[in-house]
Structures are given as structure tokens and as C-alpha cells.
Amino acid sequence: MPTRSWKVGEYLAYWLEHVVRPNSKPKTHQGYEVVVRVHIVPVLGTRRLTALQAADVRRLLAHVQNRCRCCAEEIDARRPEKRRRCCAVGRCCESFPSTRTLQQVHAVLRNALQNAVREELIMRNVAQLVRVPSPKYRVNRGISADQAHELIEASQDDRLHALYVLTLYLGMRRAELLGLRWSAVDLDTGHLEIVQTLQRVDGELRFVPAKTDASERTLPLVGRCLDVLRKHRAAQSWEASEAGDAWQDHGLVFPSRIGTPMEPDNLRRSWYPLRARVGAHRVRFHDLRHTCVTLLLDLGVPPHIGREIAGHSDIGVTMKIYAHASLTEKRAALQKLDGRIG
């Protein structure tokens, strides 16, 4: 088919398969495909690529912004029939997309059109002419030092005790922890290497490379980290012997109870009761990673060291987590000012 006659939908299918898939991580391709299929193609799919205008992009964004997610993504239709309550039964729940979703749709289209410009299929990227509001990120700094100590104590009898220790000490991501193999852990020299993650992609669990170049890092194991990992390895050997033939050895540090890769969402079964015990009812597991960064910087650790420990691609991310000061810290700062000029 001559490329000059391509429709937007046809071009996006080509872009996903021949540009995004070979050059991006599977999770990235999956995310782009969902945005293209759910949001862009229904509105612009039949529009001729060379005739696309900024007004079309604005029309797309207005459509996304004002269309209920249940309708757009068929969320209600996928529920069991007895639990359907909105779009599938003709009652829109008006659960509209966030500003973040709007930005993602715009970014995917902008990236696709920029590739079309590079391949000389179109003269200009009309998506760059359209501005979208910037999303407001709410960064939860996690839990306090006292709560972190309580969590470590409260998780002593949990089979994932070592996982919580590594999260608080090293700021590791959930996917990094679940993808960690014993071959990447050296208990003699005291260090571990983060080279892969475990993620659910296209409905199946896959081991994929670390999130970014900065995410691929070597971290020292000190004090409690070494102790808990040694105990964890011994406990895992006992667990394997108890499982017998049911044990499937994948060499993982934090597998399921039969050695297979752990379903990421199953971590909630351990985390929810523990967070309730330390009074952190609304704290996400990922916020423990923020806790690590915050406590390191509170101790006077230089930001670039905190960044390298956490594996942030940009030091701005490290500082953004730390910048969300608590009311107690704000009060202490203002009391200092009051003492000086009051």
C-alpha cells in the first residue's frame, strides 16, 4: 500500500509493530497499544495521515476527557453480569479519565507522529501544536523512621520479612525484588546486582530488563540486610524440601510458596495486614521506596548518592520525593524562623 494513502489507524499499527515493539520494553509496547486501540483509533483511525490537523488532535483530547472510562475501556462490560452497574446496563457512572491519562494519549500520538516526520511521511507534527494540562503528582513520602522500625519488627514472622528489609534499606522496586535471583546476590562480598524485573505483560509474567539504565545497579548489603538474606535463604531451602516435587526452582530470592515467580498483586496479602499493624493504613507498598529516599536524605546523605541507591533516572525525581515535607517539619522550620526574627 502506498504510504501516502495511509489512514491514521493503519500508520499507528505499523508504528507499534515496526518501531515501538523492536525498540521498547514489552510493558511500554503494551501500554502504547492500549492507548492507541482504546482512545486514538476510535476517533482518528479513519482520518488520512497527511490530512491530520491540530484541530483533530484537540477533538481527540476533548473526546477522551469527556468519555467515561467504563465506556471507553469496557470496564463494566468485563464484570460478571450480576456486578454490572453502569455503562453495560445503560447508566454511565461518569468516571472520567484523569489529567495523567489525557497527557498519555497526547504523548503517544505525538511520539507516533514524530516518527512519521522522521520517515518523511508527513511534513510536521501537529500534536506538538496542542498543549495539554500538566498532571499534578501527589508524592507520598511513605512512613516515619519509627514506623519503619515497627514494620521490620512486625514482619519478623512473615516469610517475606527480608523483602521488607531490602525495600526500606535499598529502596528497591516491587518488580526488582520479585525478579531478583540468588545468582545476582553475593552474600560473601556483601552486594547484589539489579539487572531484571518481573512484570505482567500481555497477561503473562515475564522477566524483563531493568526499567532504565540507572535502574541497573549494584548495591552493597550491610548489617541487617546481610543477616536477613542469610536467614531467608536457609528458610527457603526448608520451604523447598517441605514442598517436595511441587517445588519448581527458578532461582528466585522471593518466589511463590512453590518456587515459581510470584504474582505481583499477591504481595498485597502480606502487605495490607502489616501496614495496619504499624498504623499506615493508606500507605502503598511502593511508598516504602519513598521512605528509603526520605530517610537517607534526612540523615544528610548527598542527593546523588540517594539517587544511585534508588535507581532514579533523574536526580529531580529524588528531590521531588524529599520536597514533600511533613507538617511537623514545616512547623519546626517556622519555629526556627520565629526564634530568629520573632
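That block above? That's the structure.
Conventions we followed
Residues numbered from 1 in each chain as written. Predicted model: local features only at pLDDT ≥ 70, side-chain atom pairs only at ≥ 80, totals over all residues. Heavy atoms only, no water. Helix = DSSP H or I, 4+ residues; strand = E, 2+ residues; numbered from the N terminus. Contact = heavy atoms within 4.5 Å. Areas by Shrake-Rupley, 256 points an atom, 1.4 Å probe, with all protein chains shown as cover. Lys, Arg positive; Asp, Glu negative; His and termini not counted. Charge placed at Lys NZ, Arg CZ, Asp CG, Glu CD. Pairing = 2+ DSSP bridges. Phe/Tyr/Trp six-rings, centres within 6.5 Å; stacked < 30°, edge-to-face > 60°. Buried < 20%, exposed > 50% of the residue type's maximum accessible area, 1.4 Å probe, protein only. Lys NZ or Arg CZ within 6 Å of the ring centre and 35° of its normal. Polar contact = N/O pair within 3.5 Å; in protein donor to acceptor, adjacent residues only side chain to side chain. Expected span 1.5 Å × (residues − 1). Core = buried A, V, L, I, M, F, W, Y, C linked by side-chain atoms within 4.5 Å. Salt bridge = Lys/Arg side-chain N within 4 Å of Asp/Glu carboxyl O.

Caption draft 1: Spotlight on the overall build of the protein chain. What the protein chain contains, in helices and strands, is 14 helices and five strands. Along the first, second and third principal axes, the C-alpha set of the protein chain runs to 75 × 65 × 45 Å. Restricting the contact set of the protein chain to residue pairs at least 6 apart, pairs at least 24 apart contribute 63%. Carbon and sulfur atoms make up 49% of the accessible area of the protein chain, which totals about 19,500 Å². Considering the protein chain, the positive charge centre built from 53 side chains and the negative charge centre built from 37 side chains are found 8 Å apart.

Caption draft 2: Spotlight on the sheet that holds strand β2 (residues 191-194). Pairing within the open sheet is antiparallel, and its three strands lie in the order β1-β2-β5. Both edges of this open sheet fall to β1 (185-186) and β5 (217-220), since each of them pairs with a single strand only. Pairing between β2 and β5: four bridges, direction antiparallel. Note that in β5 the partner of E193 across the bridge is T218.

Caption draft 3: Main features of the packing of aromatic side chains. Summed over all chains, the structure comprises seven aromatic pairs. Ring plane angle 45 degrees and centroid distance 5.0 Å describe the contact between W6 and Y14, whose orientation is recorded as tilted. Under the relative-accessibility criterion, W6 is labelled buried at 12%. Since its relative accessible area comes to 24%, Y14 is described here as partly exposed. Measuring from ring centre to ring centre gives 5.6 Å for W15 and Y32, while their planes differ by 15 degrees; the resulting arrangement is stacked. Of the two residues, W15 sits in helix α1 (residues 8-23) while Y32 sits in helix α2 (residues 26-44), which places them 17 residues apart along the sequence. Judged by relative accessible area, W15 falls into the buried class, the value being 3%. Assessed through its relative accessible area of 23%, Y32 is described here as partly exposed. Taken together, W6, Y11 and Y14 form an aromatic cluster joined through their ring pairs. A cation sits over an aromatic face here: R233 above W182, 4.6 Å from the ring centre.

Caption draft 4: A look at the side chain of H312. Along the chain, H312 turns up in the loop between α12 (303-310) and α13 (315-323). Judged by its relative accessible area of 5%, H312 is buried. Among the polar contacts made by the side chain of H312, one reaches the side chain of R289 at a distance of 3.5 Å.

Caption draft 5: A look at helix α3 (residues 54-65). Under the 1.5 Å per step criterion, the end-to-end length of α3 is 17 Å for twelve residues, consistent within 8% with the ideal 16 Å. In this structure, the buried residues of α3 make contact with α2 and α5 (99-118).

Caption draft 6: Layout of the nonpolar core. L166, L192 and L221 are the most contacted members of the largest nonpolar core, which totals 41 residues. The set of elements that each furnish at least two residues to this core consists of α6 (145-154), α7 (161-170), α8 (174-178), β2, α9 (224-243) and α10 (268-277). Ranked by residues supplied to this core, first place goes to α7 with seven residues. Ranked by size, the runner-up nonpolar core spans 32 residues in total, among them V19, L44, L113 and A127.

Caption draft 7: View of the pattern of salt bridges. Evaluated as defined, the whole model comprises 13 salt bridges. R268 is paired through a salt bridge with D265; the nearest N and O atoms lie 3.6 Å apart. What makes D265 partly exposed here is its relative accessible area of 37%. The partner of R284 in a salt bridge is D287, and the shortest N-O contact between them spans 2.7 Å. Here D287 falls in the buried class, since its relative accessible area comes to 1%. Shared partners join several salt bridges into a network, and the residues in it are R47, D56 and R59.

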